[in-house]
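What follows is the residue order along each chain.
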Amino acid sequence: MTHELLTIGRISVDIYPNDIGVGLEDVTSFGKYLGGSPSNVAVAAARHGRRTGVITRTGDDPFGTYLHRELEKFGVDDSFVTPVPGLQTAVTFCAIKPATDEFPLYFYGRFPTAPDLQIRAEELALDAIREARIFWSTVTGLCQEPSREAHIKAHGARPRTGLAEGQFTILDLDYRPMFWASEEEVRAEVAKVLPHVTVAIGNDKECAVAVGEGTPDEQADRLLAAGVEIAVVKLGPEGVMAKTRMERVVSAPVPVETVNGLGAGDSFGGAFCHGLLSGWPLAQVLDYANAAGAIVASRLSCADAMPTPDEVTSLLAERGRNVPGTAPGSATASAPQLATEGAAL
């Protein structure tokens, strides 16, 4: 199978409280969900009808079995998901305090390492990586060996000059300081894979860590100067900007009542991939991805909360935003038709 999207990196069991607005010390019950940013992105794109897969590792334990079942439930290929003997599947707890916009994460089973950081270069299915229409990785996957070498080898299998039309290599600039010794170390590792990347996505802090401080436009320009074809800089309450050598597009935020801010970026990523694969104009890709992210922010979980095309187009139409597949300025679309087109590509 040729994947439309193949991701590599983190996977975990997310443990989210059913009690909203309190610290973990006061929570009385929890729910468990599939988590880990690259895995969530694969789930998100699968909800849009895309053929997706994940390269990752779990523990050889019941939580690892659970993650396989969840990937299968969401229609994500788990052929490249294998257990690591002697390590336990990583678990992530979070508290949910939407009133104060606090969603702190607590990582368990990641120090000194985690199964998904034990992906080895010699284990990679390079043909699958090379042939995927989109290959997605994150900066966190570069934080330690042997995952770092595996990520570098995977990117080396997809040189920019070897990509066919309609193929993209995306780097999520995902920066989590607890996994790194310094920002300088991050920048040095990003520089090793950036020459193979065609799309880079991050918020202002993540872009600053990757390419240095500056305005969003300056950061985007540095990414473009490094050879990236599309630089996406998330602007927080001001929306998101995407820049190429030919155009600059800003998508205003889609306001919703936030329940859990975690997972919105992964929903954005999966929807962004869907838009790229659909060949939409960049402005429509951004609006669609923005709406998809907003929907997940309004829900409790991450993977289980990923929206369908019908839900995304309905929100865009409701907010008077342009819907992909309609005339500019029109807020009317046939959502079922969009879902059918997406599933066929």
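Criteria and cut-off values
- Every residue gets a number counted from 1 within its own chain, in the order that chain's sequence is written.
- In view of the model being predicted, local features appear only for residues whose pLDDT reaches at least 70, and side-chain atom pairs are presented and counted only at 80 or more, with totals across whole chains, interfaces and linings using the full set of residues.
- Just so you know, side-chain values use all the structure's heavy atoms and leave hydrogens and water out.
- Numbering of helices and strands runs from the N terminus; a helix is a DSSP stretch of H or I covering at least four residues, while a strand is a stretch of E covering at least two.
- Whether a residue is buried, partly exposed or exposed follows from its accessible area with a 1.4 Å probe, protein chains only, as a fraction of its type maximum: under 20%, in between, or over 50%, in that order.
- Should any heavy atoms of two residues lie within 4.5 Å, those residues are counted as being in contact.
- In plain words, nonpolar cores are sets of buried Ala, Val, Leu, Ile, Met, Phe, Trp, Tyr and Cys residues tied together by side-chain atoms within 4.5 Å.
- Pairing between two strands requires that DSSP report at least two bridges joining them.
- Axes here mean lines fitted to C-alpha atoms, for a helix over just the part in contact, with angles spanning 0 to 180 degrees between N-to-C directions.
- A cavity here means a set of 1 Å grid points, computed over protein atoms only, where a 1.4 Å probe fits but cannot escape. A pocket is an open set with protein on both sides within 12 Å along at least 5 of 7 lines, and lining residues have an atom within 4 Å of a point.
- Grid points are joined across faces, edges and corners, and a volume is the space filled by probe spheres set on the points.
- Amino acids outside the nonpolar list (Ala, Val, Leu, Ile, Met, Phe, Trp, Tyr, Cys, Pro) and the charged list (Asp, Glu, Lys, Arg) are all regarded as polar, and Gly is one of them.
- Aromatic pairing here means that ring centres of Phe, Tyr or Trp (its six-membered ring) are within 6.5 Å. Orientation follows from the plane angle: under 30 degrees is stacked, over 60 is edge-to-face, and everything else is tilted.
- In our convention, an over-ring charge means Lys NZ or Arg CZ found within 6 Å of a ring centre and within 35 degrees of that ring's normal.

### Points about the environment of Gly-265
Here is step 1 of the chain: In this structure, Gly-265 sits in helix H8 (residues 264–278).
Here is step 2 of the chain: The class of Gly-265 is partly exposed, set by a relative accessible area of 32%.
Here is step 3 of the chain: Gly-265 sits 31 residues away from Lys-234 along the chain, and the two C-alpha atoms are 9.4 Å apart.

### Focus on the side chain of Gln-284
Here is step 1 of the chain: Relative to the helices and strands, Gln-284 is located in helix H9 (residues 282–297).
Here is step 2 of the chain: Gln-284 gets classed as buried once you look at its relative accessible area, which sits at 13%.
Here is step 3 of the chain: Among residues more than four places away in sequence, those in contact with Gln-284 are Asn-322, Pro-324, Gly-325 and Thr-326.

### With respect to the nonpolar core
Here is step 1 of the chain: Formed by 35 residues in total, the largest nonpolar core has its most connected members in Ile-170 and Phe-272.
Here is step 2 of the chain: A per-element tally of this core places H9 first, with nine residues.
Here is step 3 of the chain: In this view, Phe-272 contacts Val-199, Ile-201, Ile-230, Val-232, Val-285, Leu-286 and Ala-289; residues no more than four positions away in its chain are not counted.
Here is step 4 of the chain: Core analysis: the next-biggest nonpolar cluster, separate from the first, contains 28 residues, Leu-194, Val-228, Val-233 and Met-241 among them.

### Digging into the sheet that holds strand E2 (residues 12–17)
Here is step 1 of the chain: A sheet is described by the order of its strands in space; here four strands give the open sequence E3-E2-E6-E7, paired in mixed fashion. In the strand order of this sheet, the two ends are held by strand E3 (30–35) and strand E7 (105–108), each with one partner. Mean inter-strand twist for the sheet, computed between neighbouring axes without regard to direction, equals 25°.
Here is step 2 of the chain: As paired elements, E2 and E3 share six bridges and run antiparallel to each other. By the bridge assignment, Asp-14 is partnered in E3 with Tyr-33.
Here is step 3 of the chain: Lying over the sheet, helix H2 (residues 62–74) contacts E2, E3 and strand E6 (91–94), oriented at roughly 65° with respect to E3.

### With respect to the layout of surface pockets
Here is step 1 of the chain: The calculated volume of the largest pocket comes to roughly 1,400 Å³.
Here is step 2 of the chain: Taken together, 49 residues line the largest pocket, and the ones lying closest to its centre are Lys-234, Gly-261, Gly-263, Ala-264 and Gly-265.
Here is step 3 of the chain: Listed by contribution, the elements that provide at least two residues to the lining of the largest pocket are E2, helix H1 (37–47), E7, strand E10 (199–203), helix H6 (204–211), H8 and H9.
Here is step 4 of the chain: Broken down by element, the lining of the largest pocket gets its largest block of residues, five residues, from H9.
Here is step 5 of the chain: When its residues are assigned to classes, the lining of the largest pocket shows 22 nonpolar, 15 polar and twelve charged.

### Looking at the packing of aromatic side chains
Here is step 1 of the chain: A complete count under the given rule lists seven aromatic pairs for this structure.
Here is step 2 of the chain: Aromatic side chains Phe-107 and Phe-179 sit 5.3 Å apart centroid to centroid with 55° between the ring planes, which places their arrangement in the tilted category. With Phe-107 in strand E7 and Phe-179 in the loop between strand E9 (168–172) and helix H5 (183–193), this pair connects stretches of sequence that are 72 residues apart.
Here is step 3 of the chain: According to the relative accessible area criterion, Phe-107 is buried, its value standing at 15%.
Here is step 4 of the chain: Taking relative accessible area as the criterion, Phe-179 reaches 12% and is therefore assigned buried.
Here is step 5 of the chain: Each residue in the set Phe-30, Phe-93 and Tyr-108 is aromatic and connected to the rest through ring pairs, giving one cluster.
Here is step 6 of the chain: The cationic tip of Lys-32 hangs over the ring face of Tyr-66; the distance from NZ or CZ to the ring centre is 4.6 Å.

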